[in-house]
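These are the residues of each chain, in order.
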Amino acid sequence: RFNTTIKHLLLKPINVTNTEGIIAASFAFFFATFFLEGTKILMFYWTVRIQQNPLTYGQTSGTNQDLSPLFASLMIPSDLEHVKKRRLKYHFWGMMTHVFNAILGYIIMLAVMQYNWWIFIAVLLGSGCGYFCFGALSYSIREKYANLNLFRDTDSSHINSTCEEEPPVLT
């Protein structure tokens, strides 16, 4: 419905009864969805930091000669407790981002379930604009950490490359 009235928007006492109210609600849900896309990128960042090799903390360039695979076994962190605390910190902030992401996602879902087209269009535009703005950050994070071999190889064609064909079954 392209209505300008919404009864019980998210909570019973919240009612939208005029055009200014529907515009304000649309802007609120536009920005909520926009920032929801931002929290997805933040969650991606925490995941990357958790998976990062502890020997490369603070290093984002793979041009350093000490990062050679031959020397990797010789590079021992001075304090493993520091590495554990850092990973726990990244995991905690990832968990907090995930909780915020889930709560905001459910609030947006409940708003869309009002079946008001203005709210629905605002959510779609917020998602699109958020992905457009924050998607570039995702690519920059991938570029920044690409030399540290964080991203798993998705090509599994090398796994069975040495298997021989099965002999034909004689009947």
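Residues numbered from 1 in each chain as written. Predicted model: local features only at pLDDT ≥ 70, side-chain atom pairs only at ≥ 80, totals over all residues. Heavy atoms only, no water.

An unreviewed UniProt entry lists the chain under the name Copper transport protein, with Magallana gigas given as the organism. The Subcellular location (unreviewed entry) field of the UniProt record for the chain holds the comment "Membrane". Database annotation for the chain, UniProt heading Sequence similarities (unreviewed entry): "Belongs to the copper transporter (Ctr) (TC 1.A.56) family. SLC31A subfamily." (UniProt positions renumbered as here; feature names shortened; annotations may be inferred.)

## Points about the UniProt feature "transmembrane region" (unreviewed entry) in the chain
As annotated by UniProt and renumbered to match this structure, "transmembrane region" (unreviewed entry) occupies residues 22-46, 90-111 and 117-139. Span residues 22-46 is 100% helix and 0% strand, its end C-alpha atoms 36 Å apart. The span residues 90-111 is 100% helix and 0% strand, and its two end C-alpha atoms sit 31 Å from each other. (Helix = DSSP H or I, 4+ residues; strand = E, 2+ residues; numbered from the N terminus.)

## Some details on the environment of Ile108
As for its position among the elements, Ile108 is in helix 3 (residues 80-112). Here Ile108 falls in the buried class, since its relative accessible area comes to 6%. Here the alpha-carbon distance between Ile108 and Phe29, two residues 79 residues apart in the chain, equals 6.9 Å. Those residues within four positions of Ile108 in sequence are excluded, and the remaining contacts are Ala32, Thr33, Leu36 and Val123. (Buried < 20%, exposed > 50% of the residue type's maximum accessible area, 1.4 Å probe, protein only. Contact = heavy atoms within 4.5 Å.)

## What to know about helix 3
Across its 33 residues, helix 3 extends 47 Å between first and last C-alpha, which sits within 8% of the 48 Å expected from 1.5 Å per residue. Contacts from the buried residues of helix 3 go to helix 1 (19-51) and helix 4 (117-145). (Expected span 1.5 Å × (residues − 1).)

## Quick look at the confidence of the model for the chain
On average, the chain scores 76 in pLDDT, and the residues at 70 or more come to 64%. Per-element averaging of pLDDT across the chain places helix 2 (residues 69-72) at the bottom with 59 and helix 3 at the top with 89. Confidence drops under pLDDT 50 across residues 153-164; counting only partners more than four residues distant or on other chains, this segment forms 1 contact. (pLDDT = per-residue confidence, 0-100.)

## Concerning the side chain of Ser138
Here Ser138 is to be found in helix 4. Ser138 sits in the buried class, given a relative accessible area of 14%. When near neighbours in sequence (up to four residues on either side) are disregarded, Ser138 contacts Ile41 and Phe44.

## Quick word on the environment of Val83
Relative to the elements of secondary structure, Val83 occurs in helix 3. When the C-alpha atoms of Val83 and Asn53 are compared, they prove to be 9.7 Å apart, with 30 residues separating the residues in sequence.

## A few points about the pattern of salt bridges
Enumeration over the complete set of coordinates arrives at 2 salt bridges. Note that Lys84 and Glu81 form a salt bridge whose closest N and O atoms lie 3.9 Å from each other. Within this pair, Lys84 and its partner Glu81 are both found in helix 3, separated by 3 residues, close to a single helical turn. (Salt bridge = Lys/Arg side-chain N within 4 Å of Asp/Glu carboxyl O.)

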